[in-house]
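Chain and residue survey
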Amino acid sequence: WYQRRVRVLDKLYTPFMELACPCFPGLTDATFQCIENYDALVIKPYETIYQAALVLFDLDTLKDIADTVMTSYCAEVGGVLCHEEFGGMMLTYAKMFDNTFD
């Protein structure tokens, strides 16, 4: 159980944060601009539905949440990148809350 979580951390979370943090703070702006202005041919027949669905979400608040999360995860304190500490904390939380494999 624990080893699977460590693999997810090592193979997904840590590499993602190592790629994402150098792009922050512009990353969330770019991401939400793409969501708001998405115009790929694949959705052209559904553009009205897509735009109607966007209205259901408070994108400004979601962007603020994403900015806050990225700010905290990408910070460096005492020479340690916070996302490295958060990864270990997530594993600890998983052990506390997920007892399905015990």
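Here goes a summary of the coordinates provided. (Residues numbered from 1 in each chain as written. Predicted model: local features only at pLDDT ≥ 70, side-chain atom pairs only at ≥ 80, totals over all residues. Heavy atoms only, no water.)

1. Here we look at the environment of aspartate 58
The topology assignment puts aspartate 58 in the loop between α3 (47-55) and α4 (59-73). Between the alpha carbons of aspartate 58 and isoleucine 43 there is a distance of 21 Å; along the sequence they are 15 residues apart. Within the structure, the side chain of aspartate 58 is placed 2.5 Å from the side chain of threonine 61, a separation counted as a polar contact. (Helix = DSSP H or I, 4+ residues; strand = E, 2+ residues; numbered from the N terminus. Polar contact = N/O pair within 3.5 Å; in protein donor to acceptor, adjacent residues only side chain to side chain.)

2. Brief notes about the nonpolar core
Grouped together as the largest cluster of nonpolar side chains are nine residues: Leu9, Tyr13, Met17, Ala20, Cys21, Phe24, Met70, Cys74 and Leu91. The element contributing the most residues to this core is helix α1 (residues 2-20), with four residues. Beyond its immediate sequence surroundings of up to four residues, methionine 17 is in contact with Pro22, Met70, Tyr73, Cys74 and His83. (Core = buried A, V, L, I, M, F, W, Y, C linked by side-chain atoms within 4.5 Å. Buried < 20%, exposed > 50% of the residue type's maximum accessible area, 1.4 Å probe, protein only. Contact = heavy atoms within 4.5 Å.)

3. Points about a negative patch on the surface
A cluster of acidic residues, Glu18, Glu76, Glu84 and Glu85, forms a negative patch on the protein surface. Secondary-structure assignment places glutamate 76 in strand β1 (residues 76-77). Accessibility expressed as a relative area gives 53% for glutamate 76, which makes it exposed. (Patch = residues over 30% accessible without salt bridge, like charges linked within 9 Å, V, L, I, M, F, W, Y side chains within 5 Å. Areas by Shrake-Rupley, 256 points an atom, 1.4 Å probe, with all protein chains shown as cover. Salt bridge = Lys/Arg side-chain N within 4 Å of Asp/Glu carboxyl O. Lys, Arg positive; Asp, Glu negative; His and termini not counted. Charge placed at Lys NZ, Arg CZ, Asp CG, Glu CD.)

4. Focus on helix α5 (residues 82-97)
One turn of an α-helix holds 3.6 residues; hence residues three or four places apart share an orientation. The end-to-end C-alpha separation of α5 is 22 Å, in line with the 22 Å expected for 16 residues at 1.5 Å each. Within α5, the full set of buried residues consists of Cys82, His83, Gly87, Leu91 and Ala94. (Expected span 1.5 Å × (residues − 1).)

5. Quick word on unusual backbone geometry
In most cases, non-glycine residues show a negative phi, while peptide bonds are predominantly trans. Going from phenylalanine 24 to proline 25, the amide bond is cis rather than trans, its omega being 20°. You can see proline 25 is positioned in the loop between α1 and α2 (26-36).

6. Focus on the pattern of salt bridges
This model, assessed by the stated rule, comprises three salt bridges. Here glutamate 47 and lysine 44 are joined by a salt bridge, their closest N and O atoms 3.8 Å apart. Put simply, aspartate 67 and lysine 63 hold a salt bridge, and the shortest N to O gap is 2.9 Å. One end of the pair is aspartate 67 and the other is lysine 63, both in helix α4 and four residues apart, which spans about a single turn. The buried category is assigned to aspartate 67, whose relative accessible area is 18%. Put simply, Asp29, Lys63 and Asp67 are held in one network by salt bridges that share partners.

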